[in-house]
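If you want the building blocks of each chain, they are given just below.
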Amino acid sequence: MIEKMQREQAAGDRRRTIMIVVGAIVVGLAIIAYPAIRLVQDSRTKNAALTDFGVAASAASCDTPTNDDGGGTQDHRPDGEKIAYAVSPPSSGPHYAVWAPFSKKFYSMGDRPPVENLVHNLEHGYTILWYRDTLPKKEIDKIEKIAKSKLPESSLNKFIAAPYKQSEGKGWPDGKNIAFAHWSGADPTTQKSFGHRQFCNSVSGEALKNFMEKYPATDAQEPNGG
């Protein structure tokens, strides 16, 4: 009886040991596999066309781009000063002296710099895709893929996607969840600059491509910056 109990206990110990080892191997493989899968996915996204993501431009319910008064350039304000922009989201105007990093193209609400830093990027030819911070994750995932995809040559790779809280400015038009923004340089005929915004209901890589080609990075206030 004692020998039987000892054999059963030993067998149970072996089963538990095997389960622990197998579990550890599965967890280890998952830890190794996750970054590898993300790397493959990012590589595929990088080679994908911008138009591969989101709905067609015709299905995005986009408004006609605006021509906002762009004002002057080099209007730098102290860090921390809250700037009340005339339009929401801003397409031009005063900003902080430091711009958002040129190497980062996608932000979530947790790591996004202040709006005033991002407006400085507009001055250097950037197009910003602002998105409502309340968008469902699956839509935000599409935007992140757009930020990693192949951008139009006219953009000079100057693009940022960033969330926007409605409390940060005036309300957006009803139903609009996406807003493209660009700051054009001085019009030679009027010596005025213009900010441009285009609101869309849905995420559309094609609509963004059309906007970036209409307002290329080279027509900015200071296109050679960044």
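Residues numbered from 1 in each chain as written. Predicted model: local features only at pLDDT ≥ 70, side-chain atom pairs only at ≥ 80, totals over all residues. Heavy atoms only, no water.

Caption draft 1: Representation of the confidence of the model for the chain within the structure. The predicted model of the chain has a mean per-residue pLDDT of 86, with 84% of residues at 70 or higher. No element of the chain has a lower mean pLDDT than helix α1 (residues 2-46), at 64, and none a higher one than strand β4 (residues 127-132), at 98. (pLDDT = per-residue confidence, 0-100. Helix = DSSP H or I, 4+ residues; strand = E, 2+ residues; numbered from the N terminus.)

Caption draft 2: How the structure looks around the nonpolar core. One finds Leu 129, Tyr 131, Ile 143, Phe 159, Ile 178, Phe 180 and Leu 208 to be the most contacted residues of the largest nonpolar core, which totals 24 residues. Secondary-structure elements contributing two or more residues to this core are β4, α3 (137-148), β5 (159-164), β6 (178-184) and α4 (205-214). Aside from chain neighbours lying at most four places away, what touches Leu 129 is Ile 143, Phe 159, Ile 160, Ala 161, Ala 162, Ile 178, Ala 179, Phe 180 and Leu 208. Counting 19 residues, the second largest nonpolar core, distinct from the first, contains Tyr 107, Leu 122, Ala 181 and Trp 183. (Core = buried A, V, L, I, M, F, W, Y, C linked by side-chain atoms within 4.5 Å. Buried < 20%, exposed > 50% of the residue type's maximum accessible area, 1.4 Å probe, protein only. Contact = heavy atoms within 4.5 Å.)

Caption draft 3: Inspection of the side chain of His 196 at higher detail. Following the sequence through the fold, His 196 ends up in strand β7 (residues 194-200). In this structure His 196 comes out as buried when scored by relative accessible area, which is 5%. At 3.0 Å, the side chain of His 196 and the backbone oxygen of Thr 66 are in polar contact. Of the polar contacts made by the side chain of His 196, one reaches the side chain of Ser 184; its length is 2.9 Å. In this structure His 196 touches Thr 66, Asn 67, Asp 68, Ser 91, Phe 180, Ala 181, His 182, Ser 184, Phe 211 and Tyr 215, once residues within four positions along its chain are discounted. (Polar contact = N/O pair within 3.5 Å; in protein donor to acceptor, adjacent residues only side chain to side chain.)

Caption draft 4: Focus on the state of the cysteines. Taken as a whole and assessed by the stated rule, the structure comprises one disulfide. Between the sulfur atoms of Cys 62 and its disulfide mate Cys 200 the distance is 2.0 Å. One disulfide, between Cys 62 and Cys 200, carries an S-S torsion of 110° and so falls in the right-handed class. You can see Cys 62 sitting in the loop between α1 and β1 (68-69) and its partner Cys 200 sitting in strand β7, a full 138 residues away along the chain. Residue Cys 62 is classed as partly exposed on the basis of its relative accessible area, which comes to 25%. (Disulfide = S-S within 2.5 Å.)

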